[in-house]
2 protein chains.
Amino acid sequence: MPCLFCRIASGEIPASKVYEDTDVLAFNDINPQAPLHVLIVPKRHIATTNDLTEADEALVGKLVRTAAAIAAQEGYGERGYRTVFNCNAEAGQTVFHVHLHLLAGRPLAWPPG
Amino acid sequence: MPCLFCRIASGEIPASKVYEDTDVLAFNDINPQAPLHVLIVPKRHIATTNDLTEADEALVGKLVRTAAAIAAQEGYGERGYRTVFNCNAEAGQTVFHVHLHLLAGRPLAWPPG
């Protein structure tokens, strides 16, 4: 299983887990860009947002709702937070397993990169 | 109907539409931050990502899949693109109707704001 996030989801590689259920895993980014920087991933391998099918739509929504729940739990729900999917090279995607970035805890500038 | 994006969705205020179906509307951002900068919104009013319920999960996934389809159609699917939800003040949310930013057409820096 060469995919880093598949290996984290299977427990083969440790991560600083924030949330886990049957479909979704959330863990702290190892290069945090904000006081709160969590990655929320589907446990099932999906390489990029280009590969999402209609059957994955609820799963994607669950990633976003998990991000919202973590932000709220950490006290940033009202202050605010940003969620980001990067797809392919020009967005800087480096791990080809869909992951939602959740950033919070500081004012987030515009444009978003 | 005071919400700007509800007024755009109803046709009361014009926008440069990119895609529309029964649930979703996509239109060009009036202050583009990249060669392609589209907003994808649910037609139904939802103020922030904090207000999403489990019943909205598929709709959120549809917003992301619509972004992917627009990126592909505009020739950026393989080069890459970034999708962003801003929630509340620290993320710079200014219109309180959930909207997904799609940015493509240039290298997008990190951190995302």
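Source: prediction; values computed, not measured. (Residues numbered from 1 in each chain as written. Chains lettered and ligands numbered in written order. Predicted model: local features only at pLDDT ≥ 70, side-chain atom pairs only at ≥ 80, totals over all residues. Heavy atoms only, no water.)

(A) Expanded view of the pairing of strand S2 (residues 24-28) of chain B. Residues and elements named next belong to chain B. Of all five residues in S2, four are buried; the element is thus mostly enclosed. Taken together, the three bridges between strand S1 (residues 17-20) and S2 define a ladder with antiparallel strand orientation. Residue pairing for S2: Tyr-19 is matched across the bridge by Ala-26. The antiparallel pairing of S1 with S2 creates a hairpin that spans three residues between the two strands. Pairing geometry for S2 and strand S3 (residues 36-42), over five bridges, is antiparallel. Pairing of Leu-25 across the sheet is with Val-41, part of S3. (Buried < 20%, exposed > 50% of the residue type's maximum accessible area, 1.4 Å probe, protein only. Helix = DSSP H or I, 4+ residues; strand = E, 2+ residues; numbered from the N terminus. Pairing = 2+ DSSP bridges.)

(B) Structural detail: the packing of helix H2 (residues 57-73) of chain A against helix H2 (residues 57-73) of chain B. Put simply, H2 of chain A and H2 of chain B touch, their axes get as near as 6 Å, and they point 100° apart. With respect to each other, H2 of chain A and H2 of chain B are oriented roughly perpendicular. In contact with Glu-57, Ala-58, Val-60, Gly-61, Lys-62, Val-64 and Arg-65 of chain A of H2 of chain A, H2 of chain B contributes Glu-57, Ala-58, Val-60, Gly-61, Lys-62, Val-64 and Arg-65 of chain B. Classifying every residue of the contact of H2 of chain A with H2 of chain B by side-chain character gives six nonpolar, two polar and six charged. (Axes fitted to C-alpha atoms, helices over the stretch in contact; angles between N-to-C directions. Parallel < 35°, antiparallel > 145°, perpendicular 65-115°, else oblique. Contact = heavy atoms within 4.5 Å. Nonpolar A, V, L, I, M, F, W, Y, C, P; charged D, E, K, R; others polar.)

(C) How the structure looks around the confidence of the model for chain A. With 99% of its residues at a pLDDT of at least 70, chain A reaches an overall mean of 97. Among the prediction metrics, the complex's ipTM stands at 0.97, with pTM recorded as 0.98. (pLDDT = per-residue confidence, 0-100.)

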